[in-house]
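A closer look at the structure
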Amino acid sequence: MKNIILNISVTSSRILLVGFPVMFLCFLYLILSFTTQDSVSNTVLLHTYTPQLEHFMMSLTIIITGALLFDITEKEYKLIKK
C-alpha cells in the first residue's frame, strides 16, 4: 500500500494564515475583557460575553470550512485538468 502525503493547497493556507491570527486576537480580547471585570457578577458577564463567543466560534467555523472548500475544489480541479 502506497503512503499518500496530502498537502494543503496554497489558497487554503493563505485563508488560514490570515484568519487564524485575527481569530486569535478576537479570543484574546474576549478573555482579557472577561477576566479584567472585577466588580461585576459572573452571571452578568456570562450573559454579556456569551453572544460574542458564539460569533467568534461561528467565524472560526466559517474560516475553517472555507479553507476546506477551497482545498477540495483546487485539488479536484487539478485532477480534472490532468
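See the structure above.
Residues numbered from 1 in each chain as written. Predicted model: local features only at pLDDT ≥ 70, side-chain atom pairs only at ≥ 80, totals over all residues. Heavy atoms only, no water.

1. Examining the packing of aromatic side chains
In the structure shown here, the tally under the stated rule is 2 aromatic pairs. Here Phe27 and Phe56 contribute two aromatic rings whose centre-to-centre distance is 5.9 Å and whose plane-to-plane angle is 75°, an arrangement assigned as edge-to-face. Highlighted residues: Phe27 in helix H1 (residues 10-35) and Phe56 in helix H2 (residues 42-81), separated in sequence by 29 residues. Grouping residues by exposure puts Phe27 and Phe56 together as buried. (Phe/Tyr/Trp six-rings, centres within 6.5 Å; stacked < 30°, edge-to-face > 60°. Helix = DSSP H or I, 4+ residues; strand = E, 2+ residues; numbered from the N terminus. Buried < 20%, exposed > 50% of the residue type's maximum accessible area, 1.4 Å probe, protein only.)

2. Details of the side chain of Ser9
Its place among the elements puts Ser9 in the segment before H1. The residues touching Ser9, leaving out its near neighbours within four places in the chain, are Phe70, Asp71 and Glu74. (Contact = heavy atoms within 4.5 Å.)

3. Observations concerning a nonpolar patch on the surface
A cluster of nonpolar side chains, namely Phe24, Leu25, Leu28 and Leu32, defines an oily patch on the protein surface of about 410 Å² accessible area. Looking at the secondary structure, you find Leu25 in helix H1. A relative accessible area of 54% means that Leu25 is categorised as exposed. (Patch = residues over 30% accessible without salt bridge, like charges linked within 9 Å, V, L, I, M, F, W, Y side chains within 5 Å. Areas by Shrake-Rupley, 256 points an atom, 1.4 Å probe, with all protein chains shown as cover. Salt bridge = Lys/Arg side-chain N within 4 Å of Asp/Glu carboxyl O.)

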